Amino acid sequence: MEPEEHARLEKLDTIVRSDELRAKINPIVDRVCAALSQKPEALMTWESVPLGVFGQALPQEIRSGWIFVLRGGADTGAERHPNSHQRMMTVDGSGDMKTESKKGELRIKKDEKGIDWQSNVLVSEPSAPLERRWISIPPNVWHQPVVGPDVDWVVISFHTVPADELIEEKMDESGAGTKRKKYVEGIKK
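Keep in mind the model is a prediction, meaning the values are calculated, not measured.

Caption draft 1: Focus on the overall build of the protein. Within the protein one finds three helices and 13 strands. Here the protein displays about 9,500 Å² of accessible surface, and carbon together with sulfur accounts for 50% of that area.

Here it is in C-alpha cells:
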C-alpha cells in the first residue's frame, strides 16, 4: 500500500473508531441489521450515512459513507465501481473481500470468468493491524465479498462519489458482459 493511501486510511480509522462517531453510527448499524433480519431473502442491506455525521475531519475526496450488512454465507457476486475509489472497514464480524489481482501480487486460481483473485480477510478486532481491518479498492477493480456461514458481516464503506452517483457494475451471469446499476434500493437479493 502506498504511504499516502495508508495515511488516508489511518485518518479514516481514527474517525471511525472514535467513541463520538460510534455513538452516531450505532443506531444506523442497528437499523441496517434489523432490515436484514426482516428480509430473509436479502443477501445484504445498506444505508448511506450523511457526511455531516462524520464532522469536518473526513479527507476531502470522500463524498459518501455507507453501512452495509452482508448476510452470513451470502454470495453477492463480483462487482466493481467504475466511478469511485472505495475504502472499507470491518465494524463487526469478518469476511474475505477478494479483489482482482494485479501484476506481481499473490494470486488465487482464476475463476470461470477469468479473474485472478487475491484474498483479503478483514476482521473487526480493534487491535488488529490497519491492513487486517481496512481495504482500499481503486475504481474498476473487481471485488467480491465472501462471508462465512455463521455471522453477518457489518462494514463501513467510503466512496469518492456522492451516494446518488455511485455506480455498481456486476458480471452478467450469462457471460454477456456487465450490468450496471446504482445503489439506491437498500437491499440486494
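Caption draft 2: Quick look at the pattern of salt bridges. Counted by the stated rule, this structure contains ten salt bridges. With a shortest N-O distance of 3.6 Å, aspartate 13 and arginine 17 are connected by a salt bridge. Residue aspartate 13 and its partner arginine 17 are both found in helix α1 (residues 3-17); the two are separated by four residues, about one turn of the helix. Lysine 24 serves as the salt-bridge partner of glutamate 20, at 3.6 Å between the closest nitrogen and oxygen. On the criterion of helical spacing, the pair formed by glutamate 20 and lysine 24 is a turn pair, its members being four residues apart in helix α2 (residues 19-37). Owing to a relative accessible area of 39%, lysine 24 belongs among the partly exposed residues under this scheme.

Caption draft 3: Up close: the nonpolar core. Ranked by internal contacts, the top residues of the largest apolar core, which has 25 residues, are Phe54, Ile67, Trp134, Ile156 and Phe158. In terms of residue count, the dominant contributor to this core is α2 (six residues). Once residues lying within four places of it in the same chain are set aside, the contact partners of isoleucine 67 are Ile25, Ile28, Val29, Val32, Thr45, Trp46, Glu47, Val49, Val154, Val155 and Ile156. With 16 residues, the next largest nonpolar core counts Leu122, Val147, Val155 and Val161 among its residues.

Caption draft 4: Highlighting the confidence of the model for the protein. Averaged over the protein, the pLDDT score is 87; the fraction of residues at 70 or greater is 84%. The element-level mean pLDDT for the protein is lowest in strand β13 (residues 187-188), coming to 46, with strand β8 (residues 134-137) highest at 98.

Caption draft 5: Molecular detail of the side chain of histidine 159. Within the secondary structure, histidine 159 is located in strand β10 (residues 153-159). Looking at histidine 159, its side chain comes within polar contact range of the side chain of serine 84, at 2.8 Å. Among the polar contacts listed, one links the side chain of histidine 159 to the side chain of serine 157, at a separation of 3.5 Å. What histidine 159 contacts, discounting residues up to four positions off in sequence, is Glu61, Ile62, Arg63, Ser64, Trp66, His81, Ser84, His85, Gln86 and Leu166.

Caption draft 6: Seen up close, unusual backbone geometry. One non-glycine residue, asparagine 140, adopts positive backbone phi at about 65°. Within the secondary structure, asparagine 140 sits in the loop between β8 and β9 (143-146).

Cut-offs applied
- Residues numbered from 1 in each chain as written.
- Predicted model: local features only at pLDDT ≥ 70, side-chain atom pairs only at ≥ 80, totals over all residues.
- Heavy atoms only, no water.
- Helix = DSSP H or I, 4+ residues; strand = E, 2+ residues; numbered from the N terminus.
- Areas by Shrake-Rupley, 256 points an atom, 1.4 Å probe, with all protein chains shown as cover.
- Salt bridge = Lys/Arg side-chain N within 4 Å of Asp/Glu carboxyl O.
- Buried < 20%, exposed > 50% of the residue type's maximum accessible area, 1.4 Å probe, protein only.
- Core = buried A, V, L, I, M, F, W, Y, C linked by side-chain atoms within 4.5 Å.
- Contact = heavy atoms within 4.5 Å.
- pLDDT = per-residue confidence, 0-100.
- Polar contact = N/O pair within 3.5 Å; in protein donor to acceptor, adjacent residues only side chain to side chain.

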